[in-house]
Amino acid sequence: MSDDFSAMSMTVKAHYEKYVYPDFPRLASVRVCDTYALNLESLWARFNGEPLDPTLSRILLAGCGSFSPYPTAVANPKARITALDLSKTNLRKAKQHTWLHLRFNVDFIEGDLIEAVDLFGEESFHFIDCYGVIHHMRDDASAWQTLHTLLKPGAFARIMVYSRQARRSIQAIRWAMRLLQIQDVRKLKALCRSAKAGSRFRECLDATPEAAFDAGLADLFLHPYAKTYTLDALLKKLGRAGLEPLLFIHPGAWADIDAEMARLRTLESERALTANFILFAGRQEDAWMRRGWEHLKARRATCISLNPVIRKALPLFPILPLKPAPKLGFENPAIDLCGKLLLSRFKKPVSRSSIEPAHLETVEKYLQALFLIETVS
Ligand SMILES: C[S@@+](CC[C@H](N)C(=O)[O-])C[C@H]1O[C@@H](n2cnc3c(N)ncnc32)[C@H](O)[C@@H]1O
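Summarised in this report is the structure supplied together with it. (Residues numbered from 1 in each chain as written. Predicted model: local features only at pLDDT ≥ 70, side-chain atom pairs only at ≥ 80, totals over all residues.)

This paragraph deals with the pairing of strand E3 (residues 106-110). With 5 bridges connecting them, strand E2 (residues 80-85) and E3 associate as parallel partners. If you follow leucine 84 over to E3, its bridge partner there is isoleucine 109. In this view, the connection linking E2 to its parallel neighbour E3 by way of helix H4 (residues 88-100) has right-handed handedness. (Pairing = 2+ DSSP bridges. Helix = DSSP H or I, 4+ residues; strand = E, 2+ residues; numbered from the N terminus. Right-handed = clockwise from strand over helix to strand, strands pointing away.)

If you want it as structure tokens, here you go:
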């Protein structure tokens, strides 16, 4: 790594040693059902149409922060999970959250994503979660490349990076803080308190939930390095690393990739894009496998079964409707009593051809939401 890149990694590390992110209370817990979209068996079925043995599955949390290992371990109790982060403090807190909830299938490793290929040797992963990390890396080209190298055939990464449009007010304020030489949260909070109603600063604070807590404020306005991407810049970076988008999942995203990209370009040209980019990306060389799965799916010779997380959550809500928090960009359908009875039929795989026409619409809704998963029969 060049000296410049390495110095920036150290500065970013120092930031996260000081400001744990996210800064949730030690006893914070997640509802099992809200982890449904992190379940690897279900994601693997969505993108590849194949069952995946959970005991053999490998997950990397690349830049795990202080919390994500815990919900990922809840969603994947049998998988081996590696949580990598630059920050010792974030790792310590992540370990506490995970162990407090008696989840022990996570290995915690302090290190730089840029060096992960050397760190892991021959090891590769079925799923890499890299959420809110790459935009903090000066050498992002190497980071994208690293993701590609660490993915197994058919594997995918979940990525969140800042959108130039959505982030423009925050970036402007961040620069202002640098010019004003504001470097600690106490001074920043004093400035926030004095922000006038109607000012761009006040509007930005009011519109950004993270501004409500110290670690969020520090991440927004005191971060030493945060770049942003236009959609086309992001696609170019992905493409150069041999990656391609599989599904966008930011709020309001459309399921069809091309339609979503067209929608995002329109929003960017109208300066109206308010969401950062959240997506699943896979290796370009696996596109033929995914096409094969789409083809099989279209022939309807498939089996449908329950997402293992939803299977576990169903009995926890015997009467009350269950509504998992939206994680794929759209509001989830509620699982009411009828929904529960219908879903219960999929505890064992059911062939698609045996589903009564009257239930197909609901089944499709649950498939889209990933409560149900579809695989080759
Ligand atoms: C904004 S936090 C996101 C944490 C987590 N992914 C989440 O979504 O809650 C960014 C995390 O990435 C880590 N990070 C930043 N640059 C990194 C790098 N080059 N290698 C490994 N971790 C990195 C930081 O230490 C921090 O914990």
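Take the packing of helix H8 (residues 185-193) against helix H10 (residues 214-221) next. Two elements in contact, H8 and H10, have axes whose closest approach is 10 Å; the angle formed by their N-to-C orientations is 90°. Our classification of the angle between H8 and H10 gives roughly perpendicular. Of the residues in H10, those in contact with Val185, Leu188 and Lys189 of H8 are Asp214, Leu217, Ala218 and Phe221. Considering only residue class, the contact of H8 with H10 consists of 5 nonpolar, no polar and 2 charged. (Axes fitted to C-alpha atoms, helices over the stretch in contact; angles between N-to-C directions. Parallel < 35°, antiparallel > 145°, perpendicular 65-115°, else oblique. Contact = placed C-beta atoms within 7 Å. Nonpolar A, V, L, I, M, F, W, Y, C, P; charged D, E, K, R; others polar.)

Below, the discussion takes up the sheet that holds strand E10 (residues 372-376). Strands sit in the order E9-E8-E10 across an open sheet of 3 strands; the sheet is antiparallel. The sheet terminates laterally at strand E9 (350-351) and E10, the two strands that pair on one side only. Note: strand E8 (residues 302-306) against E9, 2 bridges, orientation antiparallel. Of the residues in E9, the one forming a bridge with cysteine 303 is serine 351.

A word on the packing of helix H7 (residues 168-179) against helix H9 (residues 200-207). Axis separation between H7 and H9 bottoms out at 10 Å; the angle between their running directions is 120°. The orientation of H7 with respect to H9, classified from their angle, is oblique. Read as a crossing pair, H7 and H9 show a hand that is left-handed. Only Arg200, Phe201 and Cys204 of H9 make contact with H7, whose side of the interface consists of Ser169, Ile170 and Ile173. Classifying every residue of the contact of H7 with H9 gives 4 nonpolar, 1 polar and 1 charged. (Left-handed = near helix turned anticlockwise from the far one by under 90°.)

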